[in-house]
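# Report on the structure
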Amino acid sequence: IIGLGYVGLPLALACARCGFVTIGFDVDESKITTLSQGQSYLKHISSKNIKKAIDSGALKVCGDFNQLISMNAILICVPTPLASENKPDLSYVISTAETVAKNLQTGQLVVLESTTYPGTTAEIVRPILEVTGLKSSEDFYLAYSPEREDPGNAEHETSIIPKVVGGHGMEALELAETMYNQIIVKTVRVSSLDTAEAVKLTENIFRSVNIALVNELKQIYGKMGIDIWEVIEAAKTKPFGYMPFYPGPGLGGHCIPIDPFYLTWRAKQFGQKTRFIELAGEINTAMPGLVVKILEEELKKRFDKHLVEAAILVLGIAYKKNIDDVRESPAFAIIEILEGKGASTAFYDPYVVEIPTTREHMQLAGRRSIIWDPASLGSYDAALIVTDHDCVDYVELVKKSRLLVDTRNSTSKIEDPEGKIILA
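This report concerns the structure included in the present document. These numbers were taken from a predicted model, which means no experiment stands behind them.

Okay, the overall build of the protein chain next. The helix and strand inventory of the protein chain stands at 13 helices and 12 strands. The globule rule puts the C-alpha radius of gyration for 424 residues at 22 Å, and the 23 Å found for the protein chain is close to it. Seen along its three principal axes, the alpha-carbon backbone of the protein chain occupies a region of about 70 × 50 × 40 Å. Counting over 424 residues, the protein chain shows a buried share of 51%. Put simply, 67% of the contacts in the protein chain that link residues at least 6 apart link residues at least 24 apart. Each charge sign in the protein chain was given a centre, from 43 positive and 54 negative side chains, and these centres are 2 Å apart.

If you want it as structure tokens, here you go:
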């Protein structure tokens, strides 16, 4: 397994549990050191499970990529971020494929799991591997199987999520399917590498578009005095033809804010427009600004105070509740907009003690969460719930805050006689 992040590490554990001798590779030496000591750096993966796998010898970790020579199967789980102007950044995939090529052996199975546009495995990875003189489907076998991780969701652990598999040729498909059948509850064959890549994008575009829809409905119904959350709760009682999606302060995570633009970029190469996808992206990207606007208006109306003289506490930095994953978190954009308007900000997140270095928000790196102290909540002009971690005492938050802007409807069951809560 190459890449021991949110995708590679749980996959490595799943492989090890099934009896495969599994080696996890990563360029980050700190990850190798931490795992070698039986410790986890992801809060939703227990150190107990890591230690068990390491101590038993089922899982080994290293940064020596020369050991790829002895592997039967090589699974690539590296990031696929966006570059400027929403262009795909395949630099991690390309550099990893080049590393694999240096060590490629006859008979090996190579599978790309990183989310990407249709054509990547066949047109980018395959030629890099074939520079060796070895031919795909003759000397080695190439497949694509998109990751379907949901960090922090205990009900959907890696091994119980069906796995889509596409191969370059029937033998590659059968080999990949045979391997994953030992690890995953069920495999789903598709006809080609491109189709498998398209499946993953379709899953995430589906979520992006539907979230954009409810974000737009939230604004429309809000002007009418209708609570979007109540509407959704009632609508989802219909047993057919409806699936609930929920509004929020913007999209986060590695997949939904990024993946739709991979298809947008690829579609242009075929002369196709992606109007629906791009509109959804515009709506979702605008949500942090809308949240700040609502907060700004409430401060002015209630306290006759402008943001330039306000102190704001942001609740939650992770992109979703109960995990420590901050990738593409809308909290970062919200903090930057607030501070751009002159507000002073602090944040509290029980899962994120310190903001790590990120590509888009480097100036926020190193900032640390305040210590939870209900007595200090009144010192802020407003609290803003961006991520609704379950362990936060929302009753105390409502009680002590002067103004509470809730983007997740996490305070819906709390009495608010003073009218402090504003949904945004």
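Looking now at the packing of aromatic side chains. Scanning the entire structure with this criterion turns up six aromatic pairs. Look at Phe206 and Phe245: their rings are 5.5 Å apart centre to centre, the planes differ by 70°, and that puts the pair in the edge-to-face class. Of this pair, Phe206 sits in helix α7 (residues 193-223) while Phe245 sits in the loop between α8 (228-235) and α9 (259-268); the two residues are 39 residues apart in sequence, bridging distant segments of the chain. The class of Phe206 is partly exposed, set by a relative accessible area of 41%. Pairing Tyr348 with Trp372 gives two aromatic rings, centres 5.0 Å apart and planes at 45°, and the pair type is tilted. Of this pair, Tyr348 sits in strand β9 (residues 344-348) while Trp372 sits in the loop between β9 and β10 (382-385), placing them 24 residues apart in sequence. Cluster of aromatic residues (ring-pair linked, three or more members): Tyr117, Tyr262 and Trp265. Sitting over the face of the ring of Tyr180, Lys163 holds its NZ or CZ atom 4.7 Å from the ring centroid. Lying across the ring of Phe303, Arg402 places its NZ or CZ 4.2 Å from the centre.

This part takes up the packing of α9 against helix α10 (residues 275-285). The relative placement of two packed helices is expressed as an angle between their axes plus a distance between the axes. Interaxial distance between α9 and α10 falls to 10 Å at its minimum, and their mutual angle equals 145°. Seen along the crossing, α9 lies across α10 with a hand that is left-handed. On the side of α9, the interface is formed by Pro260, Phe261, Leu263 and Thr264, while α10 contributes Ile277, Glu278 and Gly281.

On to the sheet that holds strand β8 (residues 311-315), then. Taken together, the five strands give an open sheet; going across it, the order is β9-β8-β10-β11-β12, and neighbouring strands pair in parallel fashion. Two strands lie at the open edges of the sheet, namely β9 and β12 (421-423), each paired on one side alone. Recorded for the sheet is a direction-independent mean angle of 25° between the axes of neighbouring strands. The sheet contact formed by β8 and β9 spans five bridges and is parallel. Pairing of Leu313 across the sheet is with Ala346, part of β9.

Quick notes on the rules
- Residues numbered from 1 in each chain as written.
- Predicted model: local features only at pLDDT ≥ 70, side-chain atom pairs only at ≥ 80, totals over all residues.
- Heavy atoms only, no water.
- Helix = DSSP H or I, 4+ residues; strand = E, 2+ residues; numbered from the N terminus.
- Rg over C-alpha atoms; globule rule 2.2 N^0.38 Å.
- Buried < 20%, exposed > 50% of the residue type's maximum accessible area, 1.4 Å probe, protein only.
- Contact = heavy atoms within 4.5 Å.
- Lys, Arg positive; Asp, Glu negative; His and termini not counted.
- Charge placed at Lys NZ, Arg CZ, Asp CG, Glu CD.
- Phe/Tyr/Trp six-rings, centres within 6.5 Å; stacked < 30°, edge-to-face > 60°.
- Lys NZ or Arg CZ within 6 Å of the ring centre and 35° of its normal.
- Axes fitted to C-alpha atoms, helices over the stretch in contact; angles between N-to-C directions.
- Left-handed = near helix turned anticlockwise from the far one by under 90°.
- Pairing = 2+ DSSP bridges.

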